[in-house]
Amino acid sequence: MASNTTTSHDTEATNATATDGHATDATATDTHASTAADGGGHSDVFPPFDPASFGSQLLWLALSFAALYILMSKIALPRIGEILEVRRDRIEGDLAEAERLRQKTDQAIEAYETDLANAKQKAHTIAEESREAIRKDLDAKRADVETDLAKKMATAESRIQSTKTEALGHVDEIASDTAHAMVTNLLGRTAQKATKDAVAKVVKG
């Protein structure tokens, strides 16, 4: 009897243990399923689009914007303004220098053109003066040559006239001598005075 009672108690204990084990397994299974369900729900939403994080995102956005604004207004923008001011001053200085050089160049060109015009006028004046001096010199030399030539021609004409007068003065004598020689050759010896008289009579007509 005692053995049967012990066996019966052991069987009941075993059955109770099995029942507790099944209950524990069921509880673990439900917990795992709940955890898996919760984890799957969070992984399906992109974090920036999660409505639960909108508040913190707006706060960090405001803080970041404020920090960026302070950084830009206190450091970056003044530095950029200084750079632009320096560049503007440099550009204005370069433009002023370019304008000064342009005006200087224009003045140099104007002075060159004035000097060139004066040089041309001076060269023209010198050429006219040289031409006039050469013309006067040529006219003077031509006048001297013409005067000298006129003198020489007058002297030559005077000599010719003198020679002609002298020759005409000896024409009667030459003609008489020639006629006397011819008559002598033709007729023999004749009187020279008679021959001269005859020639003079012929010449006078």
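Throughout this description, residue numbers start from 1 for each chain and increase along the sequence as written. Side-chain atom pairs in this predicted model are given and counted only at pLDDT of 80 or more, local residue features only at pLDDT of at least 70, and totals for whole chains, interfaces and linings cover all residues. The basis for every side-chain value is the complete set of non-hydrogen atoms in the structure, without hydrogens or water.

**Observations concerning the overall build of the protein chain**
Secondary structure assignment for the protein chain yields four helices and zero strands. Secondary structure elements of the protein chain occur, N-terminal to C-terminal, as α-α-α-α. In this scheme, a residue with accessible area under 20% of its type's maximum is buried, one over 50% is exposed, and one in between is partly exposed, where area comes from a 1.4 Å probe on protein chains only. Per-residue burial for the protein chain yields a buried fraction of 3% across its 205 residues. All accessibility values rest on the Shrake-Rupley procedure with a 1.4 Å probe; residue burial counts only the protein chains present in the view. When the accessible surface of the protein chain is summed, it comes to about 17600 Å², and 63% of that surface belongs to carbon and sulfur atoms. To qualify as a helix, a DSSP run of H or I must reach at least 4 residues; to qualify as a strand, a run of E must reach at least 2; elements of each kind are numbered from the N terminus.

**Focus on a nonpolar patch on the surface**
Note that patches include only residues with greater than 30% relative accessible area and no salt bridge, and the join distances are 9 Å for like charges and 5 Å for nonpolar side chains (Val, Leu, Ile, Met, Phe, Trp, Tyr). Think of a salt bridge as a Lys or Arg side-chain nitrogen and an Asp or Glu carboxyl oxygen that are within 4 Å of each other. Where nonpolar side chains cluster on the molecular surface, the patch consists of Leu68, Leu71, Met72, Ile75, Leu77, Ile80 and Leu84 and spans about 650 Å² of accessible area. By the element assignment, Leu71 lies in helix 2 (residues 54–169).

**Quick word on the confidence of the model for the protein chain**
Averaged over every residue, the pLDDT of the protein chain is 75; residues scoring 70 or more account for 60%. Here helix 1 (residues 2–43) stands out as the element of the protein chain with the lowest mean pLDDT, 46, in contrast to helix 2, whose mean of 90 is the highest. The predictor rates its confidence in each residue with pLDDT, a number between 0 and 100. Only heavy atoms enter the contact rule, under which two residues are in contact if any of them lie within 4.5 Å. Segment residues 1–9: pLDDT under 50, and zero contacts once partners within four positions in sequence are set aside and those in other chains are kept. Note that residues 16–29 has pLDDT below 50 and, in this model, zero contacts with residues that lie over four places away or in other chains.

**Examining the pattern of salt bridges**
Tallied over the full model, the rule gives 13 salt bridges. Put simply, Glu99 and Arg102 hold a salt bridge, and the shortest N to O gap is 2.5 Å. Of this pair, Glu99 and Arg102 both sit in helix 2, separated by three residues, roughly a single helical turn. Of the residues examined, Arg102 reaches a relative accessible area of 43% and is grouped as partly exposed. When salt bridges with common partners are traced through the structure, they connect Glu85, Arg88, Asp89 and Glu92 into a single cluster.

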